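Take a look at the letters that make up each chain.
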Number of protein chains: 2
Amino acid sequence: MGHINHPSCNESRYRLQHDPRDKYKMIPRRKHNASSGSLPPPDDKHASNDYILSDSGSNEGWRAIIKRRLNRKTLHKRIPITAWLPKYNTEKAIGDLIAGITVGLTVIPQSLAYSNIAGLPPQYGLYGSFLGCFIYIFLGGCRAVPAGPTAIASLLTWQVAGGVIEKAILLNFLTGLIELLMGVLGLGFLINFVSGPVSSGFTSAVALMIATSQVKDLFAITVNGTTFLQQWISVFKNIHNASLWDPILGFICIALLLSMRKIGMLKLGEKCPDGPSTRQKVLTKCMWLLGTCRNAIVVILTGVLGYWFVNTKGSSPVRLMGAIPSGVPVPTVPPFSYVRSDNTTADFVDMVSELGSGLLVIPLIVLLEDIAICKAFSGGKTIDATQEMIALGLVNLGNSFMQAYPGGGSLARSVVSNGSGVKTTFNGLYTGLMVILALQFFTQYFEFIPKAALAAVIISAILFMVEYDVVKPMWRAKKLDLIPGLTTFVLCLALPIEMGILTGVVVNIVFILYHAARPKFSVEMLKTDHGVEYLMITPDRCLMFPSVDYVRRLVTKCATSNSVPVVIECTHIYSADYTAAKSIEQLTADFHARQQPLYFYNVKPSVCSIFEAVAKPEHFVVFYEDDELDRLLAADERLAPHKPPPPPLNA
Amino acid sequence: MGHINHPSCNESRYRLQHDPRDKYKMIPRRKHNASSGSLPPPDDKHASNDYILSDSGSNEGWRAIIKRRLNRKTLHKRIPITAWLPKYNTEKAIGDLIAGITVGLTVIPQSLAYSNIAGLPPQYGLYGSFLGCFIYIFLGGCRAVPAGPTAIASLLTWQVAGGVIEKAILLNFLTGLIELLMGVLGLGFLINFVSGPVSSGFTSAVALMIATSQVKDLFAITVNGTTFLQQWISVFKNIHNASLWDPILGFICIALLLSMRKIGMLKLGEKCPDGPSTRQKVLTKCMWLLGTCRNAIVVILTGVLGYWFVNTKGSSPVRLMGAIPSGVPVPTVPPFSYVRSDNTTADFVDMVSELGSGLLVIPLIVLLEDIAICKAFSGGKTIDATQEMIALGLVNLGNSFMQAYPGGGSLARSVVSNGSGVKTTFNGLYTGLMVILALQFFTQYFEFIPKAALAAVIISAILFMVEYDVVKPMWRAKKLDLIPGLTTFVLCLALPIEMGILTGVVVNIVFILYHAARPKFSVEMLKTDHGVEYLMITPDRCLMFPSVDYVRRLVTKCATSNSVPVVIECTHIYSADYTAAKSIEQLTADFHARQQPLYFYNVKPSVCSIFEAVAKPEHFVVFYEDDELDRLLAADERLAPHKPPPPPLNA
């Protein structure tokens, strides 16, 4: 290849039908002529120049940004209540009232049970179930998210804080702070790195862990160990100490709960030719209510039983919850130090280092769960993840002043809320008020609730969180995705749970890196119009540093085993970096040394400018039209000594 | 959108001009009809069906694999001497002899100096400079790699082993083992994750660190500290203790070395019209020899000076190297324990944990340097990275039995070797023999070499390793790539050097992940032949889990602000995963809920099957030809209630 007059990179000649812009921004109603759209794409007869896309405002001034951020739309976005409150009406109010009360009936037994998972006294679950609901009314973006304790957050709190109240409260405070920061700094994209399989593996493992943690209450035995395996070994060692009545009550409760759940899902008269009758509809609604309030029903019934035993027999054959301090907690600054069991004092730095990676994992998991709920109940609307982070951050911060441990949106309650016809986040008011009433007036009755009944409530809810049903579609869709999923599942059971999910994420990131490192190729032997054979090599993705050596090796291998001119088809190379450019430079120099022609076809202008900045211009030849290739080959053959010279061209 | 008779995924209908195969394997002379090539691509008039590409032999039996691995080609690949030795002749022998001796003259002073960088007695550098050369003759793939101590490996050895001989030798043993393992397990792709900018930043920082480490010998002062900054602070604190003659000798030597280097690069008579005359050629060759042997010349001259001072004046005004034990080391098993300075014994596990991340970094860096050299001197040939790993692994393993510390291919010596007309790896024999001769007979003379002269040798060589000249092309090519480069540079100077490069690699991986998480889009408003407006959304890369939420949000945003049918153009989506499929399922369900039609255009069959495994078939509609769109739209409009029904079709 010599110094021929080769065509250079040309914005208007790059032939990608729909040229992806560097930055994206919608301009809904304004016609915008994108520069690469000025030339109609050659083979799309429907193409128009009406790009509704422009470069993002990277050249926008600070003043414009501030102005843009302070308008009414932003207010509605950041304080969603300002958007829906003016349109609030009686119909919505009724929907919210019913949903709020139903959720309240669910959240009270759940809070008592979940605080047991977190290894904390039962009232701490209730402490986290009212203020957050009030905050979420103003800031929340999803009507079906009742903020409060969740099973996953409770288990993580237990693993991270180890049942130390001060640590759990500080963890909640810091979780809120980190969520808020992530929202403000736009770090929400981090949760995208938890893929579907990892998330499923994690949730399933957590469900099994939580069920395991309840076995001790179900059988009224002592269980040691932190991992899944250790706990089950301990269960089998101590099972002979089990009481008789606790498991009997527990299993009866489980059977009751599962039956009520089943009844709640029944729909009478669905298959009738004229649809359900009014009576059938009412009955269906009642059964639904029975299913929805099953936790409350079981807890109240067994609580009455416990009360009766204590008041008539003097003691109960099953273990009861015991005294719960009554009253709404006084707002207190979260504790920044605590006294360890060996009487040494742990200061703030000690506490933070003891919380460790939990400080990263808990905010992420809480957000992950919350955003999954928002997506499930969005009904096709866009979810503002940033707003959810800010809202949840403030919810957790607020709750930490009420001595609550970390929580968030719970899927179980969201299903109830959505099923009860929730209209806006206003339903949280009723839920919160019910919790306050419970704290103020009913705690003395809670002490009669049998522990086995609460364990039954948790177990019969949590088992449906084991996502065994994702395995089949995953197997059909992409078998490789089972690896991160199963890795996460097994490691979450075997290791501390936050290490399990982090490892799963890392395994999944390795997949992406492998993807980046090993592009796929097609290699074809083609002929030009003039009958000259050439090799067309088409990589299918961008050139980034992990892949460039592989690409160079592969192209060299193809080229040396077929000593014909080589064309690299660059349509799919949407991006490149300096390392890629260096490698392309070496490649062109290698071809030059072998006197084998090398051309680049249809290089995207932004990629071309990267290559041109490094490669020698006389080695780096780009063309955009098929017929240019013949001219280039003819010009090169005159220079190559090992081939007979073709007739001179008139070009 | 209802239950319309939509077209399904079809291998032969996917319109990617050059369909990248899932696996790649060249079949040089056999015509192979790829299944997707059976239909000529519609708009490439030169396309042929002669794919020289097939699926890789994943269905190949073990017997076939073993057979394939045991043939003559594999023998030549794995023991390269079997390939070139039968063709060895006198011309090659002379080239190798000259190159081997020249490299020998370079490696002896370098070895003495580099072992000082590693914080070890000078003879340990020589111990690593002969056996490796012999091993590399048989296994090495690049003629211009003289295996021996290198500046970078020496600095890393010092940072990791801290000048403890036993740890340095064990490190060499384990480095060899890990390199061998990486070669056998095909983990060589890991070095691809060290990008050009990171590599440049690392090399430059190492060069400055090495130069800094020599300041103490140049001024004959004591310098404390491990990081760059600490060392320079210590230098300025102690500079008043500097001796007079050491720096004078040192700077004279530096001046001499730089001048000789310059002279060696001169080429007389290059600009004469008839080229250089014979006398000019001879003179050029002599000057080149002067430049090449400059280190040996300076070391010998100053050594003679030291000898003269000691033998006539009784002592030397400059610090000398001191006694060096003579003789070739007896092969010994590497030490698996050592006695610490506080008289406690560190066993193998202690040593390994003390070596820490160095065990990962040193093999990688040694390989990185070696493969960079191979690439630079390959002359366009493919480099077998696996073979290099195996060769270097055995070189280091062998050297560790000679009590040497880690080493590899050194760029400085490779330049000399290549310039001396090396033909095969056989030149290593002469280099190795010279080192053995030096060890056996000349060590008693080495003790008179002034330390300042060796420091000058290192400094005047190492300063050219600072890659300030890559900043400009990097700036022109891709400014963003300066970030990992500068991060690595700064962190290598500020932190332990292996932490610096690891952080640089992580920063660079974050770039890839961001890339994977944020695909670019083009959005166009187009019209079908029948005049129906639709939105064409074209993502530019694959759908993997970090990006799917972003894609869904963006598509939803575009679709809700323009309530027209949406077409997602999937030509560039070369791959997808389960999380993407789940997101696509949600997206199709969302569109269905909004009664807005959504179609997928030109989906690659492998991607299509992933989506179809998860999405509801009646929601997931794919088409491959432009004219199908009108039919689909017409069918959907009949079902959508918010638009007037079009006239019935005759289809």
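Residues numbered from 1 in each chain as written. Chains lettered and ligands numbered in written order. Predicted model: local features only at pLDDT ≥ 70, side-chain atom pairs only at ≥ 80, totals over all residues.

A. Fine view of the overall build of chain A. If you tally the helices and strands in chain A, you get 26 helices and nine strands. The contacts of chain A with a sequence gap of at least 6 include a subset with a gap of at least 24, amounting to 79%. (Helix = DSSP H or I, 4+ residues; strand = E, 2+ residues; numbered from the N terminus. Contact = placed C-beta atoms within 7 Å.)

B. Representation of the sheet that holds strand β6 (residues 533-539) of chain B in the model. Residue and element names in this part refer to chain B. Reading across from one edge, β5-β6-β7-β8-β9 is the order of the five strands in this open sheet, with mixed pairing throughout. Lying at the two open borders of the sheet, with one neighbouring strand each, are β5 (521-527) and β9 (621-623). On average, each strand axis in the sheet is tilted by 30° relative to the strand beside it, whichever way the strands run. Here strand β8 (residues 598-601) pairs with β9 via three bridges, running parallel. Its bridge partner being in β9, tyrosine 599 is matched across the sheet by valine 621. Helix α23 (residues 545-561) contacts β5, β6 and β7 (566-569) of the sheet and is inclined by roughly 160° relative to β6. (Pairing = 2+ DSSP bridges. Axes fitted to C-alpha atoms, helices over the stretch in contact; angles between N-to-C directions.)

C. Main features of the domain arrangement of chain A. Here the domain parsing of chain A yields domain 1 (84-510) and domain 2 (520-639). Computed over C-alpha atoms only, the centres of domain 1 of chain A and domain 2 of chain A are separated by 57 Å. (Domains from an automatic or database assignment.)

D. Quick peek at the sheet that holds strand β9 (residues 621-623) of chain A. Residue and element names in this part refer to chain A. With mixed pairing, five strands are arranged side by side in an open sheet as β5-β6-β7-β8-β9. Only two strands of the sheet have a single partner each, and these edge strands are β5 (521-527) and β9. With strand direction ignored, the average angle separating the axes of adjacent strands in the sheet is 30°. Pairing geometry for β5 and strand β6 (residues 533-539), over seven bridges, is antiparallel. Looking at the pairing, glutamate 524 lines up with methionine 536 of β6.

E. Focus on the pairing of β8(B). All names here are of chain B. Side chains Leu598 and Phe600 of β8 all project onto a buried face; the interleaved residues Tyr599 and Tyr601 project onto the opposite face, where all are buried too. Where β7 lies against β8, four bridges are found, and the strand directions are parallel. Its bridge partner being in β8, valine 566 is matched across the sheet by leucine 598. Viewed along the sheet, the connection from β7 through helix α24 (residues 578-594) into β8 turns out right-handed. Regarding the hand of the β-α-β motif, the stretch spanning β8, helix α25 (residues 605-614) and β9 is right-handed. (Buried ≥ 20, exposed ≤ 12 C-beta atoms within 10 Å, placed from the backbone. Right-handed = clockwise from strand over helix to strand, strands pointing away.)

F. Here's a closer look at helix α9 (residues 196-219) of chain A. All names here are of chain A. Here α9 spans 35 Å end to end across 24 residues, near enough to the 34 Å set by a 1.5 Å rise per residue. In terms of burial, α9 is a largely internal element, 23 of the 24 residues being buried. Once α9 ends, the next one or two residues include alanine 220, with phi positive near 55°. (Expected span 1.5 Å × (residues − 1).)

G. Region of the structure containing the UniProt feature "domain: STAS" (unreviewed entry) in chain A. Within this structure's numbering, the places UniProt gives as "domain: STAS" (unreviewed entry) are residues 528-619 of chain A. Between the end C-alpha atoms of residues 528-619 of chain A there is a gap of 21 Å, over a span that is 48% helix and 16% strand. (UniProt positions renumbered as here; feature names shortened; annotations may be inferred.)

H. Fine view of helix α15 (residues 358-376) of chain A. In a regular helix each residue adds 1.5 Å, so 19 residues correspond to 27 Å; α15(A) covers 26 Å between its end C-alpha atoms and thus fits that length. Among the 19 residues that make up α15(A), 14 are buried, leaving the element largely enclosed by the rest of the structure.

I. Representation of the environment of Tyr127(B). All names here are of chain B. Positionally, tyrosine 127 belongs in helix α5 (residues 123-127). For tyrosine 127, a count of 26 C-beta atoms within 10 Å translates into the label buried. Spatially, the C-alpha atoms of tyrosine 127 and isoleucine 248 are 31 Å apart, while their sequence positions differ by 121 residues. Here tyrosine 127 is in contact with Pro329, Met402, Gln403 and Ala404, once residues within four sequence places are set aside.

J. Quick look at the confidence of the model for chain A. All names here are of chain A. Across chain A, pLDDT averages 80, with 86% of residues at or above 70. Within chain A, the element-level pLDDT minimum falls on helix α1 (residues 62-69), averaging 65, and the maximum on helix α5 (residues 123-127), averaging 92. Considering only residues more than four positions removed or in separate chains, one finds that residues 1-12, a stretch of pLDDT under 50, has 28 contacts. Considering only residues more than four positions removed or in separate chains, one finds that residues 640-651, a stretch of pLDDT under 50, has 11 contacts. Our summary of model confidence lists the complex with pTM equal to 0.71 and ipTM equal to 0.72. (pLDDT = per-residue confidence, 0-100.)

K. Expanded view of the pairing of β6(A). Residue and element names in this part refer to chain A. Extensive coverage of β6 is indicated by the burial of five of its seven residues. Where β6 meets strand β7 (residues 566-569), three bridges bridge the pair, whose relative direction is parallel. Opposite isoleucine 537, over in β7, you have isoleucine 568 as the bridge partner. Crossover connection from β6 via helix α23 (residues 545-561) to parallel β7: handedness right-handed.

L. Just the nonpolar core, in detail. Judged by nonpolar contacts, the single largest core of 123 residues is most densely connected at Leu155(B), Val206(B), Ile210(B), Ala453(B), Ala456(B), Val457(B) and Ile458(B). In terms of residues, this core owes the most to one element, helix α9 (residues 196-219) of chain B, which gives 11 residues. Grouped together as the second largest cluster of nonpolar side chains are 122 residues, Leu131(A), Ile210(A), Ala220(A) and Val505(A) included. (Core = buried A, V, L, I, M, F, W, Y, C linked by C-beta atoms within 7 Å.)

M. Region of the structure containing unusual backbone geometry. Residue and element names in this part refer to chain A. Even without being a glycine, asparagine 343 presents a positive backbone phi close to 70°. Counting through the fold element by element, asparagine 343 comes out in the loop between β2 (338-339) and β3 (345-346). Residue class for asparagine 343 comes out exposed when judged on the 6 C-beta atoms lying within 10 Å of it. In this structure, glutamine 595 is a non-glycine residue whose phi angle is positive, near 55°. Residue placement: glutamine 595 occurs in the loop between α24 (578-594) and β8 (598-601).

N. Quick look at the packing of helix α6 (residues 131-139) of chain B against helix α18 (residues 427-446) of chain B. Residues and elements named next belong to chain B. Between α6 and α18, the shortest axis-to-axis distance is 8 Å and the interhelical angle comes to 170°. Of the possible angle classes, the one that applies to α6 and α18 is roughly antiparallel. On α18, the residues touching Cys133, Phe134, Tyr136 and Ile137 of α6 are Gly428, Leu429, Thr431 and Gly432. (Parallel < 35°, antiparallel > 145°, perpendicular 65-115°, else oblique.)

O. Here's a closer look at the environment of Leu105(B). Residue and element names in this part refer to chain B. With respect to the helices, strands and loops of the structure, leucine 105 is situated in helix α4 (residues 90-117). Residue classification places leucine 105 among the buried residues on the basis of 21 C-beta atoms within 10 Å. As a C-alpha pair, leucine 105 and valine 361 span 256 residues in sequence and 30 Å in three-dimensional space. The residues touching leucine 105, leaving out its near neighbours within four places in the chain, are Cys293 and Ala296.

P. Looking closely at the environment of Phe336(A). Residue and element names in this part refer to chain A. Along the chain, phenylalanine 336 falls in the loop between α13 (294-313) and β2. For phenylalanine 336 and tryptophan 84, which are 252 residues apart along the polypeptide, the C-alpha to C-alpha distance reads 39 Å. Among residues more than four places away in sequence, those in contact with phenylalanine 336 are Leu170 and Phe348.

Q. Quick look at the packing of helix α15 (residues 358-376) of chain B against helix α16 (residues 385-401) of chain B. All names here are of chain B. Taken N-terminus to C-terminus, the directions of α15 and α16 make an angle of 125°; their axes are 10 Å apart at the nearest point. Relative to α16, the element α15 is oriented oblique. In terms of crossing hand, the pair formed by α15 and α16 is right-handed. The residues of α16 that touch α15, namely those facing Val366, Leu367, Asp370, Ile371 and Cys374, are Ala385, Glu388, Met389 and Leu392. Taken together, the residues that form the contact of α15 with α16 break down as seven nonpolar, no polar and two charged. (Left-handed = near helix turned anticlockwise from the far one by under 90°. Nonpolar A, V, L, I, M, F, W, Y, C, P; charged D, E, K, R; others polar.)

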